Amino acid sequence: MTTIASSGTATGAAVREGLTGHKRDVSGTVFLVVLLGSLLFSLAILFILLADVMTKGMPVFAERGTDFLTSSLSSNPAKAGVAQGIIGTAILGVIVAVTAFPFGLATATYLEEYSGEGRLTRFIQINIRNLAGVPSVVYGLLGLSVFVALFQSLGIGTGRNILAGGATLAVLVLPIVIITSIEALRAVPNALREAGYGVGASRWEVTRQLVLPAAAPGVLTGTVLALSRALGETAPLILAGAVLGSFSASMDQILTGPYTAMPVIVYDWSRRPQEAFRADAAAAIIVLLAITLFANAVAIYLRNRYERTW
């Protein structure tokens with residue numbers, strides 16, 4: 001009995017020692033150091049890039065002020081501005097919002113609330129997740145072969161317009177919107193659904209009045225972050241007809257004529273040999289960063305405003 005008691009005491013002490021952390025976990029410590037080093041290395045690279053962009057771009061704002069934001073594209077770097085890029089980016093964002101988000105939320109709602117568990121549902125979800133990892137240039141080729149040709153056949157300009165670019169970006173972020181919406185719907189407790197069914201509500205009433213409002217914070221956060229990614233894409237827009245270089249288009253041709261966007265302007269200016277254009281490219285990067293940070297701030301506000309704990 002004494003032996004059994006001492007063995008039990010030793011085992012209990014070992015368990016307490018492991019739980020309380022008195023025993024040194026060498027492998028865990030090494031893994032923690034590696035993770036911390038990776039984080040610090042990534043932050044250092046990001047800080048260096050931001051410092052380089054700020055150093056080159058801020059003198060442009062100091063010299064020209066808001067004229068850089070209100071001027072149109074030009075072959076003269078001293079007069080070139082990003083007004084057309086800001087307008088194009090805003091219109092592209094609206095097109096993506098009114099196309100990708102409703103279709104993405106509807107698809108996620110069907111897969112999560114109506115389709116049930118089955119091979120077909122799992123097959124669709126696996127393919128959606130695979131599509132989320134496809135390179136953006138592939139979506140650009142899709143936009144060139146499908147949307148540009150479609151709008152050209154409909155007689156909407158040459159087909160290489162902002163509608164084709166917006167449709168291409170909408171398809172690009174659609175898998176991301178679906179995935180984030182599915183995860184937000186899964187986070188809603190089943191007890192909420194069961195309570196709705198318990199009072200006699202139909203599936204549509206439970207989905208519309210209970211599940212979707214409860215999942216709204218996650219859905220809004222995911223969709224806004226997907227939108228911020230779409231606004232930073234360059235390759236799909238180039239293939240879908242975005243203009244490289246200066247051009248002039250009247251407001252009545254803004255949907256059917258030539259267009260550009262902030263990422264395309266940055267790409268065009270950064271590959272030019274003039275040092276002044278490279279400074280303008282850095283200033284355009286700052287503007288694009290401001291737009292992206294604004295979208296992320298909206299996502300954070302929506303998450304904190306409507307977040308619920310279960």
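Description of the structure in this document. (Residues numbered from 1 in each chain as written. Predicted model: local features only at pLDDT ≥ 70, side-chain atom pairs only at ≥ 80, totals over all residues. Heavy atoms only, no water.)

This next bit is on the pattern of salt bridges. In this structure the tally under the stated criterion is nine salt bridges. Lysine 56 serves as the salt-bridge partner of aspartate 52, at 3.7 Å between the closest nitrogen and oxygen. Note that aspartate 52 and lysine 56 are positioned in helix H2 (residues 26-64) at a spacing of four residues, about one turn of the helix. Classification of aspartate 52 by relative accessible area gives partly exposed; the value is 38%. Here arginine 186 and glutamate 112 are joined by a salt bridge, their closest N and O atoms 3.1 Å apart. Note that arginine 186 is positioned in helix H7 (residues 162-186) and glutamate 112 in helix H4 (residues 83-114), a separation of 74 residues in sequence. For arginine 186, a relative accessible area of 39% corresponds to the partly exposed category. (Salt bridge = Lys/Arg side-chain N within 4 Å of Asp/Glu carboxyl O. Helix = DSSP H or I, 4+ residues; strand = E, 2+ residues; numbered from the N terminus. Buried < 20%, exposed > 50% of the residue type's maximum accessible area, 1.4 Å probe, protein only.)

Within the secondary structure, serine 228 is located in helix H9 (residues 203-230). Here serine 228 is in contact with Thr292, Ala295 and Asn296, once residues within four sequence places are set aside. (Contact = heavy atoms within 4.5 Å.)

Okay, the packing of aromatic side chains next. Taken as a whole and assessed by the stated rule, the structure comprises three aromatic pairs. Their ring planes at 80° and their centres at 5.5 Å tell us that phenylalanine 61 and phenylalanine 68 sit as a pair that is edge-to-face. Just above the ring of phenylalanine 277 sits the side chain of arginine 272; from NZ or CZ to the centre is 4.4 Å. (Phe/Tyr/Trp six-rings, centres within 6.5 Å; stacked < 30°, edge-to-face > 60°. Lys NZ or Arg CZ within 6 Å of the ring centre and 35° of its normal.)

On the surface, Leu36, Leu39, Leu40, Leu43, Leu46 and Leu50 cluster together to form a nonpolar patch covering roughly 540 Å² of accessible area. Within the element layout of this structure, leucine 36 appears in helix H2. Classification of leucine 36 as partly exposed rests on a relative accessible area of 47%. (Patch = residues over 30% accessible without salt bridge, like charges linked within 9 Å, V, L, I, M, F, W, Y side chains within 5 Å. Areas by Shrake-Rupley, 256 points an atom, 1.4 Å probe, with all protein chains shown as cover.)

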